[in-house]
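These are the residues of each chain, in order.
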Amino acid sequence: MTVEAFYGTGRRKSSVARVFLRNGEGRITVNGKDFQDYFRGIIKAVQALEPLRVTGAAGRFDATITVEGGGPTGQADAIKLGLARALVRIDADNRAKLKPAGLLSRDSREVERKKYGLKKARRAPQFSKR
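Report on the accompanying structure.

About the thresholds
- Residues numbered from 1 in each chain as written.
- Predicted model: local features only at pLDDT ≥ 70, side-chain atom pairs only at ≥ 80, totals over all residues.
- Heavy atoms only, no water.
- Phe/Tyr/Trp six-rings, centres within 6.5 Å; stacked < 30°, edge-to-face > 60°.
- Helix = DSSP H or I, 4+ residues; strand = E, 2+ residues; numbered from the N terminus.
- Buried < 20%, exposed > 50% of the residue type's maximum accessible area, 1.4 Å probe, protein only.
- Contact = heavy atoms within 4.5 Å.
- Polar contact = N/O pair within 3.5 Å; in protein donor to acceptor, adjacent residues only side chain to side chain.
- Salt bridge = Lys/Arg side-chain N within 4 Å of Asp/Glu carboxyl O.

1. Comments concerning the packing of aromatic side chains
1) Next: One pass over the full model with this rule turns up three aromatic pairs.
2) Next: Summarising the aromatic geometry, the rings of Tyr7 and Phe20 are spaced 5.0 Å apart at their centres and angled 40° between planes, so their arrangement reads as tilted. On the criterion of sequence distance, the pair formed by Tyr7 in strand 1 (residues 6-12) and Phe20 in strand 2 (residues 15-23) is long-range, its members being 13 residues apart.
3) Next: A relative accessible area of 26% places Tyr7 in the partly exposed class.
4) Next: A relative accessible area of 25% places Phe20 in the partly exposed class.
5) Next: Seen in terms of ring centroids, Tyr38 and Phe39 are 5.0 Å apart; in terms of plane orientation they differ by 85°. Their pairing is edge-to-face.

2. Looking at the environment of Asn31
1) Next: Along the chain, Asn31 turns up in the loop between strand 3 (28-30) and strand 4 (33-34).
2) Next: Placed 37 residues apart in sequence, Asn31 and Glu68 show a C-alpha to C-alpha distance of 8.8 Å.
3) Next: Setting aside chain neighbours within four positions, we find Asn31 in contact with Tyr38, Ile65, Thr66 and Val67.
4) Next: At a separation of 2.9 Å, a polar atom in the side chain of Asn31 contacts the main-chain amide nitrogen of Val67.

3. A closer look at the pattern of salt bridges
1) Next: Summed over all chains, the structure comprises eleven salt bridges.
2) Next: Among the ionic pairs, Asp107 bridges to Arg109, the shortest N-O distance being 2.8 Å.
3) Next: On the basis of relative accessibility, which here comes to 25%, the residue Asp107 falls in the partly exposed class.
4) Next: Residue Arg109 is classed as exposed on the basis of its relative accessible area of 55%.
5) Next: Among the charged side chains, a salt-bridge network with shared partners connects Arg12, Lys44, Asp77, Asp107 and Arg109.

4. Remarks on the environment of Thr55
1) Next: Along the polypeptide, Thr55 turns up in helix 2 (residues 50-55).
2) Next: The sequence separation of Thr55 and Leu98 amounts to 43 residues, and the corresponding C-alpha distance is 7.3 Å.
3) Next: Contacts of Thr55, omitting those with residues within four sequence positions, involve Leu87, Asn94, Lys97 and Leu98.
4) Next: In terms of polar contacts, Thr55 uses its side chain to reach the backbone carbonyl oxygen of Pro51, at 2.9 Å.

Right, dumping it as structure tokens:
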């Protein structure tokens, strides 16, 4: 017996999240750990579940998520986009709820690379007249 899984990819900064949604009781695992244990004490992580709340699918699906790269903030935002994309695959009507909330937009900002001769990406060395 195969259980149909709906897939969505989310990216933010240097984080990539792969989200698989299946019918279930609402269990969410991230890299094999419970969601609350993985994002222990990070308030931003609660916003990652926003797509489930907006569509009213909070207790209906089990989510298996693998996320890599970046830090907790980037990973939480990547999970948010992955969940939203997976929910659109489940039901195209969800798009009408997720789009106005801004949950289907990919935040394309990346860290600017450091240039030679500078201390950071744009910060020049301190100038000394004498």
